[in-house]
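One letter stands for each residue in the lines below.
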Amino acid sequence: LAIEASANQLSIAVMVNGKVVAALQHLAAHGHAVGIVPLSIAALRDAGMTFDAMTHVAAGCGPGSFTGIRVALAAAKGFCMAHHATGVGVSGMQALANAATHSAPGITLPCLVLSDTRRGPLYAQIFDATAQPLGMIFEANIEQLPYLIDAEIVGSELRVIGTDRKAVADALTLAGITAAIPDIDEVPSASMVASVANEQIKKNQIGPLHPIYLADPRLGPKKKSS
């Protein structure tokens, strides 16, 4: 079972023997906590399975919505405890890079993966053609990105994936870097998370169910004293 809730959608996927056999999603900016259990039940039902059949529960660890990440990880840990399954944590940015790799397996260009910080700039990370990270996640405005990318790593060609990918591709092109945009979704899905988790399980290199928080939570205004 895979759960992804770090962006403006909640998605659930069921994978059996490396193949996604059921996938459901609910598009909403908020309210993921309410939908995780019923959507998981519905996805398992579509797959003809029950929670007791799960061997692993994977969850997207972010970066993204603090609340969405927290509820996905909490649900995954709860399912694991209740049904004796193993938890698998997956970076949403690696899930996107992995999806791009599988969409065009013959392409050897590295990937620039982008994620919304919800504060203006973007989170960015470079991956090689096999969806392995070539550096840490960093933060930058769109106009800064071309000057923060190591030319020795990417050469003069790059695939661009994720949030604001068209604007970033245009900025890269102006800086002399040829940018291609793979035909995949802009935000990670549970099916993408399941694919990375499956590879981790086969390699016995399972990531922990730990959140990827890159900034402090944005707190609302203080409550007025009564």
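For the structure, check the block above.
Residues numbered from 1 in each chain as written. Predicted model: local features only at pLDDT ≥ 70, side-chain atom pairs only at ≥ 80, totals over all residues. Heavy atoms only, no water.

**Notes on the sheet that holds strand β10 (residues 178-180)**
Defined as follows: At least two bridges found by DSSP between two strands are what make those strands a pair. Think of it this way: any DSSP run of H or I at least four residues long counts as a helix, any run of E at least two long counts as a strand, and we number them from the N terminus. Here an axis means a line fitted to C-alpha atoms, over the contact stretch when the element is a helix, while the angle between two N-to-C directions is reported on a 0 to 180 degree scale. Contacts are residue-level and defined by heavy atoms, with any inter-residue pair within 4.5 Å sufficient.
Taken together, 5 strands build an open sheet; the order of strands is β8-β7-β6-β9-β10 and the sheet is mixed. Either end of the sheet is taken by a strand with one partner, and the two such strands are β8 (138-140) and β10. Geometrically, the sheet is characterised by an average inter-axis angle of 35° between neighbouring strands, direction not taken into account. Pairing of strand β9 (residues 157-162) with β10 involves 3 bridges; the strand directions are parallel. The residue bridging R159 from the neighbouring strand is A180, located in β10. Across the face of the sheet, helix α3 (residues 92-103) comes into contact with β6 (111-116), β7 (122-127) and β9 while running at roughly 140° to β6. Strands in contact with helix α6 (residues 165-174) are β6, β7, β9 and β10; relative to β9, the strand with the most contacts, it is inclined by about 160°.

**Details of helix α2 (residues 66-83)**
Heads up, the condition is: Working rule for helices: expected span equals 1.5 Å times residues minus one.
Given a rise of 1.5 Å per residue, 18 residues ought to cover 26 Å, and the 26 Å separating the end C-alpha atoms of α2 matches this to within 8%. Turning to α2, the residues buried within the fold contact β1 (2-4), α1 (32-46), β4 (56-60) and β5 (86-90). Directly beyond the C-terminal end of α2, a positive phi value near 55° is found at H84.

**Describing the nonpolar core**
Which entries qualify depends on this criterion: Buried residues of nine kinds, namely Ala, Val, Leu, Ile, Met, Phe, Trp, Tyr and Cys, make up a nonpolar core once their side-chain atoms join them within 4.5 Å. Think of it in three bands: with a 1.4 Å probe and only protein chains considered, a residue is buried below 20% of the maximum accessible area for its type, exposed above 50%, and partly exposed in between.
Membership of the largest hydrophobic core comes to 26 residues, with the highest contact counts inside it found for L1, I3, L10, I12, I36, V57 and F79. Those elements that place two or more of their residues in this core are β2 (9-16), α1, β4 and α2. No other element matches α2, which puts 8 residues into this core. Ignoring anything within four residues of it in the chain, the contact list for V57 reads L1, I3, A76, F79, C80, A85, T86, G87, V88 and L209.

**Section: the sheet that holds β4**
Taken in spatial order, the 5 strands line up as β3-β2-β1-β4-β5 in an open sheet, and their pairing is mixed. For this open sheet the edge positions go to β3 (19-27) and β5, each flanked by a neighbour on one side alone. With strand direction ignored, the average angle separating the axes of adjacent strands in the sheet is 15°. The pairing of β1 with β2 spans 3 bridges and is classified as antiparallel. When the bridges of β2 are listed, E4 appears paired with S11.

**Brief notes about unusual backbone geometry**
The linkage connecting G62 with the following residue, P63, adopts the cis geometry, with an omega of 5°. Topologically, P63 is positioned in the loop between β4 and α2. The phi dihedral of A131 is positive, around 70°, even though this residue is not glycine. The class for A131 is buried, based on a relative accessible area of 2%.

**Thoughts on α3**
Inclusion rule: Polar contact criterion, stated in full: a pair of N or O atoms within 3.5 Å, where within protein one must be able to donate a hydrogen and the other to accept it, and residues adjacent in sequence count only if both atoms are side-chain atoms.
Over its 12 residues, α3 runs 17 Å from end to end, which matches the ideal 16 Å to within 8%, given 1.5 Å per residue. The element α3 is extensively covered by neighbouring structure, given that 10 of its 12 residues are classed as buried. Inspection of α3 places G92, M93, Q94, A95, L96, A97, N98, A99, A100 and T101 among the buried residues, and these make up the whole buried set. Contacts from the buried residues of α3 go to β5, β6, β7, β9 and α7 (190-203). The distance from a side-chain oxygen at the start of α3 to the backbone nitrogen of M93 is 3.2 Å, and the residue carrying that oxygen is S91.

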